[in-house]
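# Residue-level structure breakdown
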Amino acid sequence: MAQELLGMISDPPLALTGTQDPFRVLEYAAESRPELAADIERRFTDLETQAVMCAGSKPHALEFIREATELPGTAVAIVSNNSEAAIRTFLAANDFAAYIAGVYARTSADISLLKPAPHLLTAALLDQRCDDAHAVFVGDSITDIEAGQAAGIPTIAYADKPGKLARLTARRPAAVVTDMSQLRQALHQPVVRRAGKE
């Protein structure tokens, strides 16, 4: 995906040679080749949307989301740097859509709106009429934790791959889980409820 996007840029920088991170390509375009940024973002969205048609959900993900929405006064929203179009395609294909109260994701080439900036999270809070003391954010990357902390939201790190546990724990999230089945229990831990005030 990254290399296809990079092919849209004539004479790309050597620093991007061989990159497998499409966000690095989008960031370069937004900052250094703004005349290409919108086209690259649109192609990125197309490729993401194609990819999610073959992607499965994480084990226990649907069960957790369904159970979370059954809790009184609880809504589940998605906050992501991925494209909104791709996320909505995934939700529809995997029978998640009915449980999701909102999607707050990439809709343009403006990378300043993406995590680790708190913009998408604060937009979700405002739209869902929820204050940060009553919200919990689950993320699987360092930028997720940074965004959650910047927004003042207790953040649970989801360390779903080898090597992530140490990296994410070092960022001092409110809690760490390695499996979706642990999330409902983690959401009720007192440390999560206190973290927004610390």
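Residues numbered from 1 in each chain as written. Predicted model: local features only at pLDDT ≥ 70, side-chain atom pairs only at ≥ 80, totals over all residues. Heavy atoms only, no water.

### Topic: the packing of helix α3 (residues 34-52) against helix α5 (residues 84-93)
- Running from amino to carboxyl end, α3 crosses α5 at an angle of 15 degrees, the nearest separation of the two axes being 8 Å. Considered as vectors, α3 and α5 are oriented roughly parallel to each other. Of the two elements, α3 crosses α5, and the hand of that crossing is right-handed. For the pair formed by α3 and α5, the contact residues are Thr45, Glu48, Thr49 and Val52 on the first element and Ala85, Ala86, Thr89 and Phe90 on the second.
- Classifying every residue of the contact of α3 with α5 gives 4 nonpolar, 3 polar and 1 charged. (Axes fitted to C-alpha atoms, helices over the stretch in contact; angles between N-to-C directions. Helix = DSSP H or I, 4+ residues; strand = E, 2+ residues; numbered from the N terminus. Parallel < 35°, antiparallel > 145°, perpendicular 65-115°, else oblique. Left-handed = near helix turned anticlockwise from the far one by under 90°. Contact = heavy atoms within 4.5 Å. Nonpolar A, V, L, I, M, F, W, Y, C, P; charged D, E, K, R; others polar.)

### So, the packing of aromatic side chains
- This structure, assessed with the given rule, holds 2 aromatic pairs.
- Aromatic pair Phe23 and Phe44: ring centres 5.1 Å apart, planes at 75 degrees, arrangement edge-to-face. Residue Phe23 is located in helix α2 (residues 22-32), and its partner Phe44 is located in helix α3; the two are separated by 21 residues in the primary sequence.
- Classification of Phe44 by relative accessible area gives buried; the value is 1%.
- Taken together, a centroid distance of 5.9 Å and an interplanar angle of 40 degrees make the contact between Phe90 and Phe96 tilted. The exposure classification of Phe90 matches that of Phe96, with both residues buried.
- Over the aromatic face of Phe44 sits the side chain of Arg106, whose NZ or CZ is 4.2 Å from the ring centroid. (Phe/Tyr/Trp six-rings, centres within 6.5 Å; stacked < 30°, edge-to-face > 60°. Buried < 20%, exposed > 50% of the residue type's maximum accessible area, 1.4 Å probe, protein only. Lys NZ or Arg CZ within 6 Å of the ring centre and 35° of its normal.)

### Digging into helix α7 (residues 142-151)
- Of all the residues in α7, the buried ones are Asp144, Ile145, Ala147, Gly148 and Ala151. One side of α7 holds all its buried residues, which, seen down the axis, span an arc of 165 degrees.
- Residues of α7 that are buried make contact with α6 (119-128), β3 (137-139), β4 (155-158) and α8 (164-169).
- At the C-terminal side of α7, Gly152 shows a positive phi close to 75 degrees. (Arc of directions from axis to C-beta.)

### Here we look at the pattern of salt bridges
- On inspection of all chains with the given rule, the structure shows 11 salt bridges.
- When the shortest N-O distance is used, the salt bridge between Asp160 and Lys58 registers 2.9 Å. Placement of Asp160 in the loop between β4 and α8 and of Lys58 in the loop between α3 and α4 (61-70) is noted, with a sequence separation of 102 residues between them.
- A relative accessible area of 37% places Lys58 in the partly exposed class. (Salt bridge = Lys/Arg side-chain N within 4 Å of Asp/Glu carboxyl O.)

### Some points on the pairing of strand β1 (residues 77-83)
- One ladder, built from 4 bridges, connects β1 with strand β2 (residues 102-106); its direction is parallel. By the bridge assignment for β2, Ala77 is matched with Gly102.
- The parallel pair β1 and β2 is bridged by α5, and the resulting crossover is right-handed. (Pairing = 2+ DSSP bridges. Right-handed = clockwise from strand over helix to strand, strands pointing away.)

### A word on the sheet that holds β3
- An order of β3-β4-β5 is seen for the 3 strands of this open sheet, with the pairing classed as parallel. Here the strands that pair on one side only, and so sit at the sheet edges, are β3 and β5 (175-177). Put simply, the sheet's adjacent strands are angled 25 degrees from each other on average, direction ignored.
- Relative to β4, β3 runs parallel, the two sharing 3 bridges. Across the sheet, the residue bridging to Val138 is Ile156, located in β4.
- The strands touched by α7 are β3 and β4; relative to β4, the strand with the most contacts, the crossing angle is about 175 degrees.

### Quick notes on the confidence of the model for the chain
- Confidence in the prediction for the chain averages 90 pLDDT; 93% of positions are at 70 or higher.
- Long-range and interchain partners of residues 191-198, a stretch whose pLDDT sits below 50, account for 14 contacts in this model, where long-range means more than four residues apart. (pLDDT = per-residue confidence, 0-100.)

### Points about the side chain of Arg106
- Tracing the backbone through its elements, the reader meets Arg106 in strand β2.
- Those residues in contact with Arg106, other than ones at most four positions away along the chain, are Phe23, Leu26, Glu41, Phe44, Thr45, Glu48, Ser80, Asn81, Asn82, Ser83, Glu84 and Leu114.

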